[in-house]
Amino acid sequence: MACCVLGVILVLAAFMALPGQAGNGASLTVETELALAGKGYYYRAWGDSCYSCIYCHANIDEDKLDDGYWRPGSSLWNSAARTSYYNGAYSGEGILPLARSVNTCVVAFLQTDALNLGDERMQALLAYIRSISPDDTASPVKITRATKAPEMDGDPRRGEKLFAASCVLCHRDKGILPKLGFKADSALVLAKIRGMKVPDNAKGEFEDGYPPMPFFSMERLSDQQVADILAHWDYMSFIQEQAIQGEIAPEESAVEMLIDTTDAEAESHKDTPAEAEPAAKDH
Ligand code: HEC
Ligand code: HEC
């Protein structure tokens, strides 16, 4: 291990010379070419899993731009300007802390061997990340793991939008994963979103053999947002359940039930004023 780290540092010294030579047109071109190759590695799956970086990390300034998705990992915009990663697990000057952070995801999510700094893919990825880091300094990202279920109620309408932004990038038709069928227990859904222990006997819907799902930190999805997603999930499960029952008793389809409820409510509202008076007199 020690000799491997030394090798990495030596290659690093050679590699770090590149961006420093800004006055030299030739090295700028090398840097640009590397960055372009790195963009390819950012978008393309090349490990043993089907993941690429873009599934989990935006490459834009999320404070100003929106590409329609809200991913589990923080945006890597300006990330080369940070000097501390993973809550301080990797920190210091130079490119090494960033390279180690990249490797953490390469191993955990792309599911392939860590890349040493001399590896063409690592060089290219780092060049690309530098190319999307315009500032000299940037504050570290905070990553807080949730340890318990949200305590507030959720709003299924907000949850539907959050679900579309945060879940369907991976879970969709012809995506890297099957679409979610709203059949899993919500305790399992919560455990998946937060990266918590899956409760024993929780009902799921997927077969084994997929890479791990990344967790969403409290900074990426607040407790309220998770509550909203779970409320959307429960609502969709309910609709699903009604539809399944509908196969047995077609007259009780979800749509008809909803219409029935609306009518019943309208009826009861009509009756309310008349009923209100006698009820009040009883006391
Ligand atoms: C399956 C999801 C997933 C994939 C794929 C993935 N990452 Fe990550 N990555 C995460 C999560 C989750 C974190 C920690 C939470 C956060 O960044 O907010 C993280 C953290 C990082 C960090 C540290 C951020 C910081 O400032 O602390 C870097 C750098 C990084 N990833 C780079 C990459 C690169 C480059 C790739 C592609 C080779 C990649 N990741 C692929 C999920 C992923
Ligand atoms: C970066 C890709 C990615 C994103 C984004 C993502 N998931 Fe997943 N999810 C996975 C993978 C991979 C699996 C299968 C492996 C596993 O269970 O860990 C999975 C599994 C699941 C399961 C378990 C299915 C079962 O029954 O076994 C649920 C539920 C789930 N995801 C819900 C969500 C929700 C809700 C969101 C949005 C908040 C979301 N996922 C976002 C990748 C993702």
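Residues numbered from 1 in each chain as written. Chains lettered and ligands numbered in written order. Predicted model: local features only at pLDDT ≥ 70, side-chain atom pairs only at ≥ 80, totals over all residues.

Draft legend 1. The arrangement of the overall build of the protein chain in detail. For the protein chain, the count of helices and strands is nine helices and two strands. Looking at the protein chain as a whole, 22% of its 283 residues qualify as buried. Counted over contacts in the protein chain with a minimum sequence separation of 6, partners at least 24 positions apart contribute 60%. (Helix = DSSP H or I, 4+ residues; strand = E, 2+ residues; numbered from the N terminus. Buried ≥ 20, exposed ≤ 12 C-beta atoms within 10 Å, placed from the backbone. Contact = placed C-beta atoms within 7 Å.)

Draft legend 2. Representation of helix α7 (residues 186-194) in the model. When α7 is considered as a whole, its buried residues turn out to be V189, L190, K192, I193 and R194. Following α7 by one or two positions, G195 has its phi on the positive side, about 65 degrees.

Draft legend 3. Up close: the site of ligand 1. Around ligand 1 sit 27 residues in total, of which C53, C56, G73, S74 and C105 are the nearest. Of all the secondary-structure elements, those providing two or more residues to the shell around ligand 1 are α3 (53-56) and α4 (96-108). Here the element with the most residues in the shell around ligand 1 is α4; it accounts for five residues. The residue makeup of the shell around ligand 1, split by class, is 19 nonpolar, six polar and two charged. Residues lining the shell around ligand 1 come from more than one domain, with at least three contributed by each of domain 1 (24-131) and domain 2 (156-268). (Near = placed C-beta within 6 Å. Nonpolar A, V, L, I, M, F, W, Y, C, P; charged D, E, K, R; others polar. Domains from an automatic or database assignment.)

Draft legend 4. Structural detail: the confidence of the model for the protein chain. Of the residues in the protein chain, 77% reach a pLDDT of 70 or more, and the chain-wide mean stands at 83. pLDDT under 50 marks residues 1-23. Its contacts with residues more than four places away, or in other chains, come to 20 contacts. Contacts from residues 250-283, a stretch scored under 50 in pLDDT, to residues over four places away or in other chains number twelve contacts. (pLDDT = per-residue confidence, 0-100.)

Draft legend 5. Layout of unusual backbone geometry. At N78, a residue that is not glycine, the phi angle is positive and equals roughly 65 degrees. Summarising the element assignment, N78 is placed in the loop between α3 and β1 (84-85). Among the residues examined, N78 registers 18 C-beta atoms within 10 Å and is labelled partly exposed.

Draft legend 6. Up close: the site of ligand 2. Surveying the vicinity of ligand 2 reveals 24 residues, the closest of which are C167, C170, G204, F206 and M213. For the shell around ligand 2, the elements supplying multiple residues, two or more each, are α3 and α7. Taken together, the residues of the shell around ligand 2 sort by class into 19 nonpolar, three polar and two charged. Both domains that meet at the shell around ligand 2, namely domain 1 (24-131) and domain 2 (156-268), each give it at least three residues.

Draft legend 7. Expanded view of the environment of C50. With respect to the helices and strands, C50 occurs in the loop between α2 (25-43) and α3. Taking C-alpha positions, C50 is 9.1 Å from L177, a pair spaced 127 residues apart along the chain.

Draft legend 8. Representation of the nonpolar core in the model. Judged by nonpolar contacts, the single largest core of 25 residues is most densely connected at L98, M122, L125, L126 and I129. Listing elements by their share of this core, those giving two or more residues are α2, α4 and α5 (120-131). Residue contributions to this core peak at seven residues, all from α5. The contact partners of M122, leaving out residues within four places of it in the chain, are A99, V102, L115, N116 and L117. Of all hydrophobic cores here, the second largest spans eleven residues; its members include V189, L221, V226 and W233. (Core = buried A, V, L, I, M, F, W, Y, C linked by C-beta atoms within 7 Å.)

Draft legend 9. Just α4, in detail. Counted at 1.5 Å a residue, the expected span for α4 with its 13 residues is 18 Å, and the 18 Å between its end C-alpha atoms agrees. Among all positions of α4, only L98, A99, V102, N103 and V106 are buried. The arc that holds the buried residues of α4, viewed along the axis, is 140 degrees, so those residues lie on one side. Those residues of α4 hidden inside the fold are in contact with β1 and α5. (Expected span 1.5 Å × (residues − 1). Arc of directions from axis to C-beta.)

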